[in-house]
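Overview (structure and organization)
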Amino acid sequence: MKKRPIACLAFGFSTFIGLAQTAPPDTEIFVFDLKEKKGNLSIEKGKNVTERIGYDNQPYFYGEDYMLYTAYENGQTDIIMLDLLENKKTNLTNSKESEYSAAMVPGFESFAAVRVEEDGTQRLWLFHLNAKKSPQLVFEDIAPVGYHAWSGSNVAMFVLGSPVTLLVANATEPGEKKITDNIGRTLRLIPGTKDFAFERTEENGDKNIYRLDSSTDRFELTIKKPENASDWTITNEGTYVTSVGSKILTFNPKYHQEWKEISDLSTNGLTGITRMAVNENNTKIAIVINR
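Residues numbered from 1 in each chain as written. Predicted model: local features only at pLDDT ≥ 70, side-chain atom pairs only at ≥ 80, totals over all residues. Heavy atoms only, no water.

When its secondary structure is counted, the protein shows 2 helices and 24 strands. Its C-alpha atoms give the protein a radius of gyration of 18 Å, near enough to 19 Å, the size a compact globule of 291 residues would have. Viewed in the frame of its principal axes, the protein has a C-alpha envelope of about 45 × 40 × 35 Å. Within the protein, buried positions represent 54% of all 291 residues. Total accessible area computed for the protein in this model is approximately 13,700 Å², and 46% of it derives from carbon and sulfur atoms. (Helix = DSSP H or I, 4+ residues; strand = E, 2+ residues; numbered from the N terminus. Rg over C-alpha atoms; globule rule 2.2 N^0.38 Å. Buried < 20%, exposed > 50% of the residue type's maximum accessible area, 1.4 Å probe, protein only. Areas by Shrake-Rupley, 256 points an atom, 1.4 Å probe, with all protein chains shown as cover.)

As a further point, take the environment of Pro226. Position of Pro226 among the secondary structure elements: in the loop between strand S18 (219–224) and strand S19 (232–234). Note: C-alpha distance between Pro226 and Ala71 (155 residues apart in sequence) is 29 Å. Ignoring sequence-local partners within four residues, the contact set of Pro226 consists of Thr242, Val244, Leu249 and Trp259. (Contact = heavy atoms within 4.5 Å.)

The next subject is the sheet that holds strand S12 (residues 154–159). The 4 strands are arranged S11-S12-S13-S14 in an open sheet whose pairing can be described as antiparallel. Both outer strands of the open sheet, strand S11 (145–151) and strand S14 (176–181), are each paired with one neighbouring strand and no more. Between one strand axis and the next, the sheet turns by 20° as a mean value, whatever way the strands run. Summarising the sheet, S11 and S12 pair through 6 bridges and their orientation is antiparallel. Bridge pairing in S12 places Trp150 opposite Val155. (Pairing = 2+ DSSP bridges. Axes fitted to C-alpha atoms, helices over the stretch in contact; angles between N-to-C directions.)

As a further point, take the packing of aromatic side chains. Any pair of aromatic rings gets described here by the distance separating the centres and the angle formed by the planes. For the structure on display, the rule yields 8 aromatic pairs. Centroid distance Tyr62 to Tyr66: 6.2 Å. Interplanar angle 50°. Geometry classified as tilted. Judged by its relative accessible area of 22%, Tyr62 is partly exposed. The exposure class assigned to Tyr66 is partly exposed, which follows from its relative accessible area of 35%. With a centroid separation of 5.1 Å and 80° between ring planes, the pair formed by Tyr147 and Phe158 is classed as edge-to-face. Of this pair, Tyr147 sits in strand S11 while Phe158 sits in strand S12, placing them 11 residues apart in sequence. Accessibility expressed as a relative area gives 10% for Tyr147, which makes it buried. The exposure class of Phe158 is buried, given its relative accessible area of 7%. For Arg115, the ring lying beneath its charged end belongs to Trp125, and the centroid distance is 5.1 Å. (Phe/Tyr/Trp six-rings, centres within 6.5 Å; stacked < 30°, edge-to-face > 60°. Lys NZ or Arg CZ within 6 Å of the ring centre and 35° of its normal.)

A full pass over the atoms with the stated rule returns 15 salt bridges. Across the pair Asp65 and Lys284 runs a salt bridge, and its minimum N-O distance is 3.2 Å. Within this pair, whereas Asp65 is found in the loop between strand S3 (56–62) and strand S4 (66–73), its partner Lys284 is found in strand S24 (residues 284–290), the two being separated by 219 residues in sequence. We classify Asp65 as buried; its relative accessible area is 16%. (Salt bridge = Lys/Arg side-chain N within 4 Å of Asp/Glu carboxyl O.)

Moving on, we get to unusual backbone geometry. Between Ala143 and Pro144 the backbone carries a cis peptide bond, its omega angle lying at -5°. Among the structural elements, Pro144 can be located in the loop between strand S10 (136–137) and S11. Unusually for a residue other than glycine, Asn228 sits at a positive phi of about 65°. By the secondary structure assignment, Asn228 is in the loop between S18 and S19.

Take the side chain of Ser243 next. Secondary-structure assignment places Ser243 in strand S20 (residues 240–244). A relative accessible area of 0% means that Ser243 is categorised as buried. Among the polar contacts made by the side chain of Ser243, one reaches the main-chain carbonyl oxygen of Ile273 at a distance of 3.5 Å. Ignoring any residue separated from it by four or fewer positions in sequence, one finds Ser243 in contact with Asn228, Ala229, Ser230, Asp231, Ile248, Leu249, Ile273, Thr274 and Met276. (Polar contact = N/O pair within 3.5 Å; in protein donor to acceptor, adjacent residues only side chain to side chain.)

With that out of the way, let us pick up the environment of Pro135. Tracing the sequence through the fold places Pro135 in the loop between strand S9 (122–128) and S10. For Pro135, the contacting residues outside a window of four places in its chain are Arg115, Trp125, Leu126 and Phe127.

We now examine the nonpolar core. Core analysis: the biggest nonpolar cluster contains 17 residues, and Leu124, Val138, Phe139, Ile142, Trp150, Val155 and Met157 have the highest contact counts within it. Those elements that place two or more of their residues in this core are strand S8 (110–116), S9, S11, S12 and strand S13 (165–170). Here this core takes 3 residues from S12, the largest share from any one element. (Core = buried A, V, L, I, M, F, W, Y, C linked by side-chain atoms within 4.5 Å.)

Once that is clear, we can look at the environment of Leu124. Position of Leu124 relative to the elements: it lies in strand S9. Residues Leu124 and Ser101 lie 23 residues apart in sequence; the distance between their C-alpha atoms is 9.5 Å. When near neighbours in sequence (up to four residues on either side) are disregarded, Leu124 contacts Ala112, Ala113, Val114, Leu137, Val138, Phe139, Val145, His148, Trp150, Val155 and Met157.

Here you go:
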């Protein structure tokens, strides 16, 4: 496959298709206060910040008090920005196409998202917070993209297919590299590094989380996921956070040998935890709850 670099960056399954055609599950996003010291986490004061019937999912923080997420309404999805202080919501895409999986692009007042185009093609697009600038296609010939993570202009992508593959490409240069197959949907930049974290399903059924070295494209095992664990994220101190049912589990490679349970949200009447995200200041964690 070939791709076309983005001029502005040079200077300065088919799950989504199915969701675009039929209403996705009813989900809510809760935001909790987060405290962490030497890999020990606590979360408290959870608040439902979406609080409506419908699909609100895929949270991604912008700074400390803004959050991007995907919302389904009137037969399609758009990327919404929520001001957590003012409780103000702004539709950032508001297009005739559907957009998913928003992530801020480092160093730019822009975010990238997967767009389901009119013919059903799923490609990665760049959207500017300055709405006067038109969206730009990132990689012309990489499709169908499902999820992505950014490290500078390097992008790790979950590309749908049989099998699902992990591709890494640079938005300013031609060419991409296939890293491995059978990956999960969670992709993360490891805070304080240029490396990515991803998960892969092994031949024996184990699901392992790996660290991808951005300089060598080699990956090494970080930790096996707990049995029946869902999505995961990484705090600014390098602690991995996941869930099993209503339970929150954490693991920090520097301090821990295995996962440990830190909270059970069923005490708050919350179950069915899926996606998670931590803000830049490590003071808030967003958790998606299936109704």
